[in-house]
Amino acid sequence: MEPEGRFSVARVANAWYVACASRELREKPLPRTILGTAIVLFRTGGGSPAALLDRCAHRNAPLSLGRTIRGELRCAYHGWRYDGAGACVEVPGLIGEAEKSARSVPRFAARERDGYIWIYPEANAEPAGEPFRLPPVTGGYTEVRRTVEVEGTLHAALENALDVPHTAFLHKGLFRGAGAKQRIRVRVTRAADRVEAEYIGEPRPEGIAGKMLSPSGGVVTHFDRFILPSIAQVEYRLGAENHFLITTLCTPVEDFRTRLNAVILFRTRFPGWLVRLLIEPVARRIFNQDAAMLKRQTEAARRFGGEHFTSTEIDVLGLQIWQLLKRAERGEPPAEEWRREFEMEA
Amino acid sequence: MEPEGRFSVARVANAWYVACASRELREKPLPRTILGTAIVLFRTGGGSPAALLDRCAHRNAPLSLGRTIRGELRCAYHGWRYDGAGACVEVPGLIGEAEKSARSVPRFAARERDGYIWIYPEANAEPAGEPFRLPPVTGGYTEVRRTVEVEGTLHAALENALDVPHTAFLHKGLFRGAGAKQRIRVRVTRAADRVEAEYIGEPRPEGIAGKMLSPSGGVVTHFDRFILPSIAQVEYRLGAENHFLITTLCTPVEDFRTRLNAVILFRTRFPGWLVRLLIEPVARRIFNQDAAMLKRQTEAARRFGGEHFTSTEIDVLGLQIWQLLKRAERGEPPAEEWRREFEMEA
Amino acid sequence: MEPEGRFSVARVANAWYVACASRELREKPLPRTILGTAIVLFRTGGGSPAALLDRCAHRNAPLSLGRTIRGELRCAYHGWRYDGAGACVEVPGLIGEAEKSARSVPRFAARERDGYIWIYPEANAEPAGEPFRLPPVTGGYTEVRRTVEVEGTLHAALENALDVPHTAFLHKGLFRGAGAKQRIRVRVTRAADRVEAEYIGEPRPEGIAGKMLSPSGGVVTHFDRFILPSIAQVEYRLGAENHFLITTLCTPVEDFRTRLNAVILFRTRFPGWLVRLLIEPVARRIFNQDAAMLKRQTEAARRFGGEHFTSTEIDVLGLQIWQLLKRAERGEPPAEEWRREFEMEA
C-alpha cells in the first residue's frame, strides 16, 4: 500500500537506463525491473541484446524462467517461443501459423555500450537519442566499477550522490573530516539537460580518502554534475597529476528502489592497481553508509505518509535535479539556462 | 492489497469441498480455510464431523485454539462451550441460561466420505446435494493419495491439472517427451455440470512415466474431465491391462491458494506396490513443478495488476472450466450440452 | 492495509504514557512509538528527558540514528543539531543563522517520575495535568517490574488485564483452578475518570499462584480498577498480612500494539526475595499466555475485517473501559458516577 502524501518520485520513461553489465547477460535470460516494469533480457542469434516484457502472452508465466534457443526465447510453461522483437514464432501443439499480434509480447529497445546493456523502458517505442557515453579509459587512467541497489527514490539517490555536507557526518573520517571549516564559493550552472556545481577554493579533503587523493595537499578543482535523466558525476582534480571522475548511472528500479552503477575513473601519481586496492574498501564503506541512510530515510517518509523536507541554500543541487526530472517526466521543453554563486563552509 | 485488474477468481460457495483427510481430524480441533472463511472442524460425541466458524462469539478468539470436550468445543480464552450446531451451551461464571442466539457461532454442513471430511462453506445452509463419490477401489486396483497446496486460483490449478501441452515442457522427460510429434484428434463434450476432452490416436507417452505406463507401447485411451465445482479427472487406458484414473479434488482455500487432494487409482500388469514405488517420486516431481509454476504465474499476474491471457484452440478445457465455474457462482442454470472436434499435435 | 470493520481502537492523545524505563535512556537517543507517532527521546544537558518527533526537518532521516552532543541532538545524515525544544541550532556548512521555525521539529512534553520516562504524545502541547503517581514502596513491601509488548489494542489489553473469567481457562492451574465454583457478589463503581469492580466473598484462588498467595486460606479482598487513560490495577488482600497491588501502565504503541509496564508491589509473611523468586516464573507464564491470546484475537479480528464481540454481565469492566476511553478521545465531560451489584460464579 503506497502512502498518499508527497514523495519525490519522477518517472521518466523515454530515456535509456542501464539494465545490467554486459558480462551478466549470457545464455540464461535475465530478469530486470525498470520503472516498475518487469523486463526479460536475452541475446539474439547475433549476440545483440533483446528485451521483452517478462510475461508470456499465453498464461503470463515469467519468460525469464524460460530458455534461450538459438537467439529466441522459449517459455518454460507451455513452450511458446518468441523472437527478439517479441513476435510469437511457435505455439507447440498448435496446427497452423503461430504468429498473431495478440500472441506477441511488448518489446523494449536495447543497446550494448561501454560494457553495459541499456534499456529504453517505453514499450514498443523508437528511442529518442542514444545512451549516455561513458568517458573513455585513456592512457594513465584506471577504471573501477561497482553496482549497488538502494531503497530510495531516484531523486534521493541522485541528491545523495551529489551532496557535499553529508560527507562530513555520514562518512565522518572517511571523506571530509571535522577539521577547521573555511568559506568556499559555489557556482551553480544550469543548462538545458543538466545542472552543475563548481566548488571554488575548497581545501584538500581531510580524512583517509583525502590523504589518498593527494598526500602533498594542493588546490582542488571540484565539480558535481547531474545530467538527465539519471547521471550523477563528481569530478575532482588536485594539481595536474590527480584526476578522479566518478560517474554514477542510476536506474530507477521501482519508485523506492534505485540501482547505482558507479564508474570510477582515476589517474594519480601512484600505480593504478595500488590506488584501486586502497579505494575499494573506502568506496564500499561509503556506499554502504549511503545505502543504509537512504533506506532509513525512505522508511521514515513512508511511515509518516510522505516527505516533509526543508532545504537551505547549501542543498545545492537537490531542487534543480527535481525540477529537471519533473520537466522531463511531463515532456516539457528544456529548462532555461542560468548561473548563480553563493558561499558556504566546508 | 489486492490488485484491481481481472483475475480468474470464481467463488462457488454452495458446493462441497474436501477440508481434510479423515485421519487428520482426531481429538484436537482442526483449523481449515475454505473460500477465505476460517472454519474449525471437530468430532462430535458420536464421532461424526462438525464445522463452525473459527471465531468465538464472545471475544473472537479462534475456536481452533480450544479443546474438544465430550464432543463439544470449548474456547481457550474464557471457556465458552459450543455444540456441533454452533449453539453456546456454557458461559463459565455466568449465572443463568447460557444459550442465546447472539452467543452462537455459524455452522457449516460436514460429511465424512471416502476417507475425507467434506465441508459445505455456506454458513448455516442446507446443502444442495451430497459430496462427489470417489470411484471404489475394486479388485486389482491400487490407490495412492497425495495432498499439495499451490499458490494459484482454483481455475489456474484446474486448467493446469487438465492441460496437455505443458507436460512436454514443464515436465520434460518425465511425462511427455520431445519425440516426433503426430496429429491427434480431440473430441470435447460439454454437459450440464462437466466438460470432457477425449484424445484420439494419441501415441504412448514418451519419457520415464510413459515407459512405466506401458513398456510394450499400445493404443492409448485418454480422457480429461472437469466436474463442477472443483474435480479434475484424468483417465488413461493402454490396452486392456493398464488403467490409470487420477481424480483431483480441489479446494479453494483463498482466492490465490488452492489445495489439491489427488487420488491416483491404477491397475497394471505389475504388482501394485511396485508401481506405487515407481510412481510416487515421479508424481511428487510433477506436483512440485506445477506448484512452482503456478506460484510464479500468480506472482506475475498480481504484479501486473491482473491477468492478460491469450488462448488458442489447444487450450482445450480452460475456457470451458471458467464458464462452468462462473455459471455456478452466479447460480445460473446448467450450461447447454455440445460436442466439437479438432486436431492438434502431441 | 487496515480492514474497514469496527475495531476497539481509541486514541487519547492528551494524556501521559510511559515511553521507557529511566534506566533505558542514557547517552544514545532512544526511538519510541506512541499512538503511531515515532518519537525520539534523549537527555538534555541537565539530564532531564526531552522528546522530539523522530524525523529530521531537513531530509526526514530518523533523529534516533544521531547522537546526543552536550544535551542536544545531532542528525546522523547532514549533522543538523536540535535542542530539547526542537529548535534547530546548527546547519553545518550554512553561513548565517541556523534557527528558523521551518527548521524546527515538533516536541513532546516529557517527565521522569518513579523510574519511568512519561511522554505526552500531542505535539507542541502544554500537558493538562501530570503523570499518574505510582504507589510508593513503603516498609515491608517489595516491588517487581516487568514490561511486555502485546499485539492487541489498548482496549483489548486493558480488558484482559482486568478480566476474571479467563484466568480459569487461559491460565488454568496457575491462577484460578477448576475447583468447585461458588457465588460471589460483584460491586461495580464508576467515577469520573475510572471504574472499579469489587469482588465480595471470593474464595482463595486455587492453583499454584493461589497457594503461594496464602497457604492458610482466608478471606480475600479483591479490586480491579481501570483509571483513565491506560492504567489497570488489580489489588488483592488476604487477611492482614498479604497484600498484592499490580499496577499496569499501558502505552498504546500503535492501534494493534500495546506496551504493558507492570509494577507488582507486594507484602506477605514470607521474605520479599523469596516470594519474588516464586512469583517471577508464574508472572512470566501468565504474561506469555495473555500475549499469545491477544495476538490470536487480533489476527482473527483483522482477518474477519472487524470485531464481532458478544458480551455478558460477567464481562465486568470491558464495556466501561471502552466508554471511558471514547469519552476521553472525544474530549467529552467526565462520565457520570454510579454503582451497581450483581452475582457471578468464580
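Nothing here was measured: the structure is a model prediction, and the numbers come from that model. (Residues numbered from 1 in each chain as written. Chains lettered and ligands numbered in written order. Predicted model: local features only at pLDDT ≥ 70, side-chain atom pairs only at ≥ 80, totals over all residues.)

Describe the pairing of strand β14 (residues 220-227) of chain A, and please don't skip the residues or the numbers.
Residues and elements named next belong to chain A. Residues of β14 alternate between two faces, with Val220, His222, Asp224 and Phe226 buried on one and Thr221, Phe223, Arg225 and Ile227 left unburied on the opposite face. Inspection of the sheet shows strand β13 (residues 194-200) paired to β14 by six bridges, in the antiparallel sense. From the neighbouring strand, Arg194 faces β14, where its bridge partner is Ile227. Relative to strand β15 (residues 231-238), β14 is paired through eight bridges, and the arrangement is antiparallel. (Buried ≥ 20, exposed ≤ 12 C-beta atoms within 10 Å, placed from the backbone. Helix = DSSP H or I, 4+ residues; strand = E, 2+ residues; numbered from the N terminus. Pairing = 2+ DSSP bridges.)

Go over the interface of chain A and chain C with me, naming the residues and quoting the values.
How big an interface is tends to be expressed through the accessible area that disappears when the partners come together. Each partner contributes to the interface: chain A provides 24 residues, whereas chain C provides 21 residues. Secondary-structure elements contributing two or more residues to the side of chain A that touches chain C are α3 (272-303) and β18 (338-345) of chain A. Tallying contributions element by element places α3 of chain A first for the side of chain A that touches chain C, with six residues. Of the residues in the side of chain A that touches chain C, the class split is 13 nonpolar, five polar and six charged. (Contact = placed C-beta atoms within 7 Å. Nonpolar A, V, L, I, M, F, W, Y, C, P; charged D, E, K, R; others polar.)

Account for unusual backbone geometry, naming residues and giving values.
The omega torsion across Leu228 of chain A and Pro229 of chain A is -5°, close enough to zero to call that bond cis. Tracing the backbone shows Pro229 of chain A in the loop between β14 and β15. In this structure, Leu35 of chain C is a non-glycine residue whose phi angle is positive, near 50°. Looking at the element boundaries, Leu35 of chain C is found in the loop between β2 (30-34) and β3 (37-43).

So what's going on with the sheet that holds strand β7 (residues 81-82) of chain C? Which residues, and what values?
Residues and elements named next belong to chain C. One open sheet holds the four strands; their spatial order is β5-β6-β7-β8, and the pairing between them is antiparallel. Here the strands that pair on one side only, and so sit at the sheet edges, are β5 (67-69) and β8 (88-90). Direction of pairing for β5 relative to strand β6 (residues 72-74): antiparallel, over a ladder of three bridges. Looking at the pairing, Ile69 lines up with Glu72 of β6.

Would you mind going over the interface of chain A and chain B in detail, with residue names and values included?
Listed by partner, the interface residues are 21 residues for chain A and 24 residues for chain B. Residue composition of the side of chain A that touches chain B, grouped by class: 13 nonpolar, five polar and three charged.

Mind laying out the relation of the copies chain A and chain B, listing which residues take part and the relevant values?
Once chain A is rotated about the relating axis by 120° and shifted along it by 0.0 Å, it coincides with chain B to within an RMSD of 0.0 Å. This pairing of chains is accounted for by a three-fold axis. (Least-squares fit on C-alpha atoms with pLDDT ≥ 70 in both.)

An account of the sheet that holds β3 of chain C is requested, with residue identities and associated values reported.
All names here are of chain C. One open sheet accounts for six strands, arranged β1-β10-β9-β4-β3-β2; its pairing is antiparallel. Each edge of the sheet is formed by a strand with only one pairing partner; in this case those strands are β1 (17-21) and β2. Strand-to-strand twist of the sheet, defined as the mean angle between neighbouring strand axes without regard to direction, takes the value 30°. Where strand β9 (residues 107-113) lies against strand β10 (residues 116-120), five bridges are found, and the strand directions are antiparallel. Paired with Ala110 across the strands is Ile119, a residue of β10. (Axes fitted to C-alpha atoms, helices over the stretch in contact; angles between N-to-C directions.)

Can you tell me about the relation of the copies chain A and chain C, naming the residues and giving the values?
Once turned by 120° and shifted 0.1 Å along the axis, chain A lies on chain C with an RMSD of 0.0 Å. Counting the interface residues of chain A, we find that no more than 4% of their copies in chain C are interface residues as well, pointing to two distinct contact surfaces.

Explain the nonpolar core to me, using residue names and the numbers behind them.
If you look at the biggest cluster of nonpolar residues, it comprises 225 residues, and the most contacted ones within it are Leu41 and Ile119 of chain A, Leu41 and Ile119 of chain B together with Leu41 and Ile119 of chain C. Apart from residues lying up to four places away in sequence, Ile119 of chain B is in contact with Tyr17, Ala19, Ile34, Ile39, Ala51, Phe108 and Ala110 of chain B. With six residues, the next largest nonpolar core counts Val263, Leu265, Phe266 and Val275 of chain A among its residues. (Core = buried A, V, L, I, M, F, W, Y, C linked by C-beta atoms within 7 Å.)

Tell me about the packing of helix α1 (residues 154-161) of chain B against helix α3 (residues 272-303) of chain B, and please be specific about residues and values.
Residues and elements named next belong to chain B. Running from N to C, α1 and α3 point in directions that differ by 140°, and their axes come no closer than 11 Å. If you check the angle between α1 and α3, you find them oblique. Pair α1 / α3 crosses with right-handed handedness. The residues of α3 that touch α1, namely those facing Ala156, Ala157 and Asn160, are Asp290, Leu294 and Gln297. Classifying every residue of the contact of α1 with α3 gives three nonpolar, two polar and one charged. (Parallel < 35°, antiparallel > 145°, perpendicular 65-115°, else oblique. Left-handed = near helix turned anticlockwise from the far one by under 90°.)

Please provide a residue-by-residue account of helix α4 (residues 318-330) of chain C, values included.
Residue and element names in this part refer to chain C. Taking 1.5 Å of rise per residue, the 13 residues of α4 would be expected to cover 18 Å, and the 18 Å separating its terminal C-alpha atoms lies within 8% of that figure. Where α4 is concerned, the buried positions are Gly318, Gln320, Ile321, Leu324, Leu325 and Ala328. Angular distribution of buried residues about the axis of α4 spans 165°; they occupy a single face of the element. Looking at the buried positions of α4, the neighbouring elements they touch are α1 (154-161), β12 (183-191), β13 (194-200) and β14 (220-227). Looking one or two residues beyond α4, the residue adopting positive phi is Gly331, at roughly 70°. (Expected span 1.5 Å × (residues − 1). Arc of directions from axis to C-beta.)

How would you summarise the domain arrangement of chain A if you had to cite specific residues and measurements?
Residues and elements named next belong to chain A. Assigned domains within chain A: domain 1 (17-120) and domain 2 (142-345). The centre of domain 1, based on its C-alpha atoms, is set 35 Å off from the matching centre of domain 2. Taken together, the contact pairs seven residues of domain 1 with eight residues of domain 2. Of all the secondary-structure elements, those providing two or more residues to the side of domain 1 that touches domain 2 are β1 (17-21) and β2 (30-34). Residues belonging to the side of domain 1 that touches domain 2 are distributed by class as follows: five nonpolar, two polar and no charged. (Domains from an automatic or database assignment.)

Report on the environment of Phe7 of chain C, specifying residues and quantitative values.
Residue and element names in this part refer to chain C. Here Phe7 lies in the segment before β1. Distance in space between the C-alpha atoms of Phe7 and Glu329 is 15 Å, their sequence separation being 322 residues. For Phe7, the residues in contact, after removing those within four places along its chain, are Thr153, Ala301, Gly306 and Glu307.

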